[in-house]
Every structure is written in structure tokens, then in C-alpha cells.
Amino acid sequence: WTLSSMWGSMTDGTSYYITTRVIDQANNEAGWYNQYSSTFTVDRTSPTANFTYPTVSYARSLAAVSGTSQDEVPVSGGSLTSGVKKVYVTYYDVTISSWWNNGNWTSAGSTYTLEGGSLDVWTSTVVPNSSWVHGNQYRVYAWAEDNAVASDSNYGNVQEVANVKTFTYDVL
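This one's a predicted model, so the numbers in the text were calculated from it and none came from an experiment.

How each quantity is defined
Residues numbered from 1 in each chain as written. Predicted model: local features only at pLDDT ≥ 70, side-chain atom pairs only at ≥ 80, totals over all residues. Heavy atoms only, no water. Phe/Tyr/Trp six-rings, centres within 6.5 Å; stacked < 30°, edge-to-face > 60°. Helix = DSSP H or I, 4+ residues; strand = E, 2+ residues; numbered from the N terminus. Buried < 20%, exposed > 50% of the residue type's maximum accessible area, 1.4 Å probe, protein only. Pairing = 2+ DSSP bridges. Axes fitted to C-alpha atoms, helices over the stretch in contact; angles between N-to-C directions. pLDDT = per-residue confidence, 0-100.

*Asks:* Can you walk me through the packing of aromatic side chains in this structure?
*Replies:* A ring pair, where both rings are aromatic, is described by two values, the distance of the centres and the angle of the planes. Enumeration according to the criterion identifies 14 aromatic pairs in this entry. Geometrically, the ring pair formed by Phe51 and Trp122 is edge-to-face, given 6.0 Å between the ring centres and 65° between the ring planes. Here Phe51, found in strand β3 (residues 47-53), pairs with Trp122, found in strand β10 (residues 121-124); they are 71 residues apart in sequence, far enough to count as distant. The class of Trp122 is buried, set by a relative accessible area of 2%. Ring centres of Trp105 and Tyr138 lie 5.5 Å apart, and the angle between their planes is 35°; on these two criteria the pair is classed as tilted. With Trp105 in strand β8 (residues 104-106) and Tyr138 in strand β11 (residues 137-146), this residue pair connects regions lying 33 residues apart in the sequence. Summarising the burial analysis for this pair, Trp105 and Tyr138 share the class buried.

Okay, here's the thing in C-alpha cells:
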């Protein structure tokens, strides 16, 4: 059985406690100790990932990118969140219109995933250091996913618009 009609009326950022009881066709009711229950938080609000580095428009080296992330509290409703599960990072060379893909600049890039532990403050050392080209302009994208998982998917709420940091690589 499922009960989906209540989902739309549940308030974002609120914890709910739900119980069930069983009555068979002979009208026998399961005792209170046999009832099943669950507590869950409704989280429909997407998290955010932001950069703390790079902070400059021109970079001579870039050994890591770093930032912060948080699961946003709903604008209206409750104040509970499910927390950030993953932060994703990817790189784009604006000058040659290519994505970084594990050692090469190509038309299809790779996304690097940070997960596990607290992602309130995050750092990715997976950067294309040896492939930066002097004078080229680059974009670094970061976005977050939270722990709220819909019953019909394996994904939480995902930041809809990635945060972007643009810089020019300059070794002179």
C-alpha cells in the first residue's frame, strides 16, 4: 500500500512521525507493540555549494579549489534540513570550449565528487594543474546534493544552478 495524497500538504523543513496499524479481514487488530512507525523530515529545498578559492580573476597556480556548502533552510515552513551529501566539481576551458576529462580537454567532461564526512567546508585537489595554458580563461563549476531521497529516485535535491568561478591562467 502507499499513501501519497498527504505528501503535497506536508510542510518543507518539518519532521513527521507516522504509524501504521494492521487489522485483518476477521477484524483482528495488531497490538500496540506490533505497530510500525517511522520519523522523517520533509526536505524539498536544494542545497548550495560556494567557492572560497579561487578568489582572483588571474591565477598563477591552482593546486586546489575549495568552498563551503549548506543545505538551505526553507524560505517558509520548518527549519529542518537533511544535510549535504555530495559536492560536485568540474572544469571548463572557455578559450578552447572544452571540458576537463581525466587528463585531456574534450567535448565531454568528468565530474569529480566529494562525499563523506562534513562538507560544510570542502576542498578538491583534483585539478588539471599540468594542463592549464597561459592566457586561457577557465571556469570551475561546483554544485551540491542533499541527503533527501525521493522514493522514486536515488538522488537528493540537487542545486539547480551551479556556482561558477572564472579565472585566467597567467604565469608571466
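*Asks:* Looking at this structure, I do not really get the sheet that holds β10. What am I missing?
*Replies:* Two strands in a sheet stick together by hydrogen bonds in their backbones, pointing the same way (parallel) or opposite ways (antiparallel). Read from one edge of the open sheet, three strands run β3-β5-β10, paired in antiparallel fashion. Edge positions in the sheet fall to β3 and β10, since each of these pairs with one other strand and no more. Each strand axis lies, on average, 30° off the axis of its neighbour in the sheet, ignoring direction. Pairing of strand β5 (residues 65-71) with β10 involves four bridges; the strand directions are antiparallel. Counterpart to Thr68 in the pairing with β10 is Val121.

*Asks:* Hey, could you run me through the confidence of the model for the protein chain in this one?
*Replies:* Detailed reading of the predicted model is not advised wherever pLDDT is low. Counting all residues, the mean pLDDT for the protein chain is 86, and 92% of those residues have values of 70 or more. Considering each helix and strand of the protein chain separately, the mean pLDDT is smallest for strand β2 (residues 36-42), with a value of 79, and largest for strand β12 (residues 163-169), with 95.

*Asks:* What's the story with unusual backbone geometry in this structure? I'm lost.
*Replies:* Outside of glycine, negative phi angles account for most residues, and trans bonds account for most peptide bonds. Cis geometry is adopted by the peptide bond preceding Pro54, which originates at Tyr53 and carries an omega value of 10°. By the element assignment, Pro54 lies in the loop between β3 and β4 (58-59). In this structure, Ser97 is a non-glycine residue whose phi angle is positive, near 55°. Overall, Ser97 belongs to the partly exposed group, its relative accessible area being 48%. Phi at Asn102 takes a positive value of approximately 50°, unusual for a residue other than glycine.

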